[in-house]
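# Descriptive structure summary
So the chains spell out like this:
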Amino acid sequence: KGGATKAFHKGEIDILEQLFKDLASRSPGPSMDKDAFATFFQLPGIIGKLLFKVFDKDNNGTIDRGEFLSGLAQYYRGSMDEKLEMLFAMYDGHEKKSISKIELTTLLHSLVTPETALASTSKPLTPAAKEQP
C-alpha cells in the first residue's frame, strides 16, 4: 500500500479497494486475473496484456491488492519519469533494459485498431500516389 497511500487520499483508496474486490471476485482466486483486469482497463490488442505484466510485480499471473493499488498509483499519479518507466517496461518483453526492433514493431502494430486503420486508408501512403483534383 506504501506508494498508494501517498498517491491517493483515504476516500480514493476505499473506492479502489472496493473496485479491486469486485474485480477479484470475477477471478478464480483471491487476486485479479488477466480477464478481470482487461474488463477494467479495456485497452486494445496486446496493450492490456502488457500493462497486466507491469502490474504483476511478482510474476505469478495474478494481481493482488497491493500490486493493483501500486500500479494505479504509478499509472494515474506517478511522475513523468515513473510513467515512462512503466511504459518502457510494458514493451521491454525480454526485460533486457532495451526494446528490440520486434518489440517496437509489436508496439506499433498494437496501436492500430480497426478504426484507425480505416481512417488511414482515405489518403495514399506512398509519395508516388497523387490525389486527383
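Described in the following lines is the structure provided in the data block. On a predicted model such as this, the values are computed, not experimentally measured, just so you know. (Residues numbered from 1 in each chain as written. Predicted model: local features only at pLDDT ≥ 70, side-chain atom pairs only at ≥ 80, totals over all residues. Heavy atoms only, no water.)

### Focus on the layout of surface pockets
To keep it simple, the criterion reads: Detection works on a 1 Å grid of protein atoms alone, calling trapped sets that fit a 1.4 Å probe cavities and calling open sets with protein on both sides within 12 Å along at least five of seven lines pockets, with lining residues defined by an atom within 4 Å of a point. Grid points are joined across faces, edges and corners, and a volume is the space filled by probe spheres set on the points. Helix numbers and strand numbers start at the N terminus; a helix is a DSSP run of H or I with at least 4 residues, a strand a run of E with at least 2. For this classification, Asp, Glu, Lys and Arg are treated as charged, while Ala, Val, Leu, Ile, Met, Phe, Trp, Tyr, Cys and Pro are nonpolar and the rest, including Gly, are polar.
Counted as a void, the largest pocket has a volume near 330 Å³. If you go around the largest pocket, you meet 13 residues; those closest to its centre are V54, K57, A89, E95 and K97. When residues of the lining of the largest pocket are traced back to their parent elements, those giving at least two are α4 (47–55) and α6 (80–91). The dominant element in the lining of the largest pocket, judged by the number of residues it contributes, is α6, at 4 residues. Within the lining of the largest pocket, the residues separate by chemical class into 4 nonpolar, 2 polar and 7 charged. Considered as a void within the structure, the second largest pocket measures approximately 160 Å³ in volume. Along the walls of the second largest pocket sit L43, I47, L51, Y75, K83, L84, M86, L87, M90 and Y91, which together make up its complete lining. For the lining of the second largest pocket, the secondary structure elements donating two or more residues are α4 and α6. A per-element tally of the lining of the second largest pocket places α6 first, with 6 residues.

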